[in-house]
Amino acid sequence: MRWEGNRESDNVEDRRSDGGGGGGGFRFGGIHLGIGGVLIVLIGSWLFGVNPMTVFSLLNGDSTSAPASQDQSVSQPAQAPPTNDPLANFVRTVLASTEDVWGAILQQAGRTYERPHLVLFRGAIETGCGGGESAMGPFYCPQDRRVYIDLGFYETLRNRLGSPGDAAQAYVIAHEIGHHVQKLMGISDKVEAMRAQQSRVQANATSVRVELQADCYAGVWAFHSQEQNHWFEKNDIPLVLNAASHIGDDALQKMSQARVMPESFTHGTSAQRVSWFERGYASGRVDDCDTFDAATL
Ligand SMILES: [Zn+2]
């Protein structure tokens, strides 16, 4: 992806020095975990299915439990990150592109795009939705309208989830921004009201529609950002599709346990995630992302 030299957003909050981080692994419930533990934690929080906070995530942290308060007293002191490292510049650049693309799309629809903040953090962070953790993967908090990313996730994406490439990294941001667009369009609030009335299995099915729509919106963004910046090269979109195929619920469940349990899906299968991104990317039209109306996902 040729991203250097494009506009960088001012809406990135770098809170990586705030503490709560530690080492190269993640903290969860006071237990220090290496990278290998991350997926187990993700799957674990998903199966327990308690729902004290609403967040929308790229992985299966969606609408699942925020870990209970963790023991900060045993945290390692966070090492101050460089303020202008290339990865942070990359995030600022992609965020700026989402601002340009969604600003134009919403303006055409007679609406205003409120630019969200994106928070870089390490380890653990307080959010408007409660305590956030690296182990949850990147997520969007509708209460404070912020996207939260621990950049260590990109290592997980590359090394544990077999999804290299900066285009894949951009997709992660675009997916979370997709949730912000859902919030602005009133979709998130409608969905939350709906889920509150639903059985667990039904609520999971609703969650799948929310997540696939965010993938489709990521495709819409990719379409328009390519028109504006011509930055995706030949192998970039295949790398996005590769990433989407590695973070489907079926793929993640296969990685962490022997059985695949469709009723517990909250984000959709790999094939569905790929197909909805492709759909958005093919036309660049928001109207093609109505996962709630689709008879077949
Ligand atoms: Zn999501």
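About the cut-offs
Residues numbered from 1 in each chain as written. Predicted model: local features only at pLDDT ≥ 70, side-chain atom pairs only at ≥ 80, totals over all residues. Heavy atoms only, no water. Helix = DSSP H or I, 4+ residues; strand = E, 2+ residues; numbered from the N terminus. Contact = heavy atoms within 4.5 Å. Areas by Shrake-Rupley, 256 points an atom, 1.4 Å probe, with all protein chains shown as cover. Pairing = 2+ DSSP bridges. Core = buried A, V, L, I, M, F, W, Y, C linked by side-chain atoms within 4.5 Å. Buried < 20%, exposed > 50% of the residue type's maximum accessible area, 1.4 Å probe, protein only. Phe/Tyr/Trp six-rings, centres within 6.5 Å; stacked < 30°, edge-to-face > 60°. Donors = N, O, S within 2.8 Å, 3.2 Å for Na, K, Ca; no water. Salt bridge = Lys/Arg side-chain N within 4 Å of Asp/Glu carboxyl O. Expected span 1.5 Å × (residues − 1). pLDDT = per-residue confidence, 0-100. Polar contact = N/O pair within 3.5 Å; in protein donor to acceptor, adjacent residues only side chain to side chain.

## Describing the overall build of the chain
Within the chain, the regular secondary structure consists of 9 helices and 9 strands. Here the analysis covers contacts within the chain between residues at least 6 apart in sequence; of these, 74% occur between residues at least 24 apart. When the accessible surface of the chain is summed, it comes to about 12000 Å², and 50% of that surface belongs to carbon and sulfur atoms.

## Points about the sheet that holds strand E1 (residues 12-14)
Spatial ordering of the open sheet is given by E1-E5-E9-E8-E4, a layout of 5 strands whose pairing is mixed. Two strands lie at the open edges of the sheet, namely E1 and strand E4 (56-57), each paired on one side alone. In this sheet, strand E5 (residues 117-120) lies alongside E1 in parallel orientation, the contact comprising 3 bridges. Looking at the pairing, Asp-14 lines up with Leu-120 of E5.

## Points about the nonpolar core
The biggest cluster of nonpolar side chains holds 62 residues, and the ones touching the most others in it are Val-91, Trp-102, Leu-118, Tyr-154, Tyr-171 and Trp-221. Ranked by residue count, the leading element in this core is helix H4 (residues 166-184), at 10 residues. With residues up to four places along the chain from it excluded, the contact list for Leu-118 reads Asn-11, Val-12, Glu-13, Val-91, Leu-95, Val-147, Ile-149 and Ile-173. Of all hydrophobic cores here, the second largest spans 9 residues; its members include Val-119, Phe-121, Cys-129 and Phe-139.

## Notes on the pairing of E5
Judged from the 4 bridges that link them, E5 and strand E9 (residues 146-149) form a sheet pairing that is parallel. Considered in E9, the bridge of His-117 is made with Arg-146.

## Quick look at the packing of aromatic side chains
Counted by the stated rule, this structure contains 10 aromatic pairs. Look at Phe-121 and Phe-139: their rings are 6.5 Å apart centre to centre, the planes differ by 65°, and that puts the pair in the edge-to-face class. Taken as a pair, Phe-121 in the loop between E5 and strand E6 (124-127) and Phe-139 in strand E8 (residues 139-141) lie far apart in primary sequence, 18 residues in all. Phe-139 shares its class with Phe-121; the two are buried.

## Comments concerning the coordination of the zinc ion
Protein ligation of the zinc ion involves Ser-57 (O), His-175 (NE2), His-179 (NE2) and Glu-211 (OE), the donor distances falling in the range 1.8 to 2.1 Å. Taken in sequence order, the residues that donate to the zinc ion follow the motif S-x117-H-x3-H-x31-E. Placement of the pair is His-175 and His-179 together in helix H4, with a separation of 4 residues, close to one helical turn. By relative accessible area, which is 0% here, His-175 ends up buried. Exposure remark for His-179: the relative accessible area of 0% places this residue in the buried category.

## Some points on the pattern of salt bridges
Tallying each qualifying case throughout the model produces 13 salt bridges. A salt bridge links Asp-215 to Arg-273, with the shortest nitrogen-to-oxygen separation between them at 2.7 Å. Here Arg-273 lies in helix H9 (residues 270-283) and Asp-215 lies in helix H6 (residues 200-229), a separation of 58 residues in the sequence. The exposure classification of Asp-215 matches that of Arg-273, with both residues buried. Where salt bridges share partners, they join Arg-7, Glu-99, Asp-100 and Arg-115 into one cluster.

## Topic: H9
With 14 residues, H9 extends 21 Å between its outermost C-alpha atoms, agreeing within 8% with the 20 Å of an ideal straight helix rising 1.5 Å per residue. Residues of H9 that are buried include every one of Ser-270, Gln-272, Arg-273, Val-274, Trp-276, Phe-277 and Gly-280, and no others. As for H9, its buried residues are in contact with H4, H6, helix H7 (236-246) and helix H8 (249-256). Looking one or two residues past H9, Gly-284 carries a phi angle of roughly 70°, positive in sign.

## Observations concerning the confidence of the model for the chain
Per-residue pLDDT for the chain has a mean of 85; in total, 80% of the residues score no lower than 70. When the criterion is pLDDT under 50, residues 22-37 qualifies, and its contacts beyond four places in sequence or with other chains add up to 39 contacts. Of the regions scoring below 50 in pLDDT, residues 44-52 engages in 22 contacts with residues more than four places distant in sequence or in other chains.

## Here's the deal with the side chain of His-179
At a separation of 2.8 Å, a polar atom in the side chain of His-179 contacts the side chain of Gln-182. Non-local contacts of His-179, meaning those with residues more than four positions away in its chain, are made with Phe-56, Ser-57, Tyr-140, Ser-188, Val-210, Glu-211 and Ala-214.

## Overview of the side chain of Thr-93
Summarising the element assignment, Thr-93 is placed in helix H2 (residues 86-108). Thr-93 has contacts with Trp-3, Asn-6, Arg-7, Glu-8 and Trp-231, leaving out every residue within four places of it along the chain.

## Some remarks on the environment of His-230
Residue placement: His-230 occurs in the loop between H6 and H7. On the basis of relative accessibility, which here comes to 51%, the residue His-230 falls in the exposed class. In the structure, His-230 is positioned 229 residues away from Met-1 in sequence and 9.1 Å away in space, judged by C-alpha atoms. If sequence neighbours within four positions are ignored, His-230 has contacts with Arg-2 and Ser-225. Polar contacts involving the side chain of His-230 include one to the main-chain carbonyl oxygen of Glu-227, which spans 3.3 Å.

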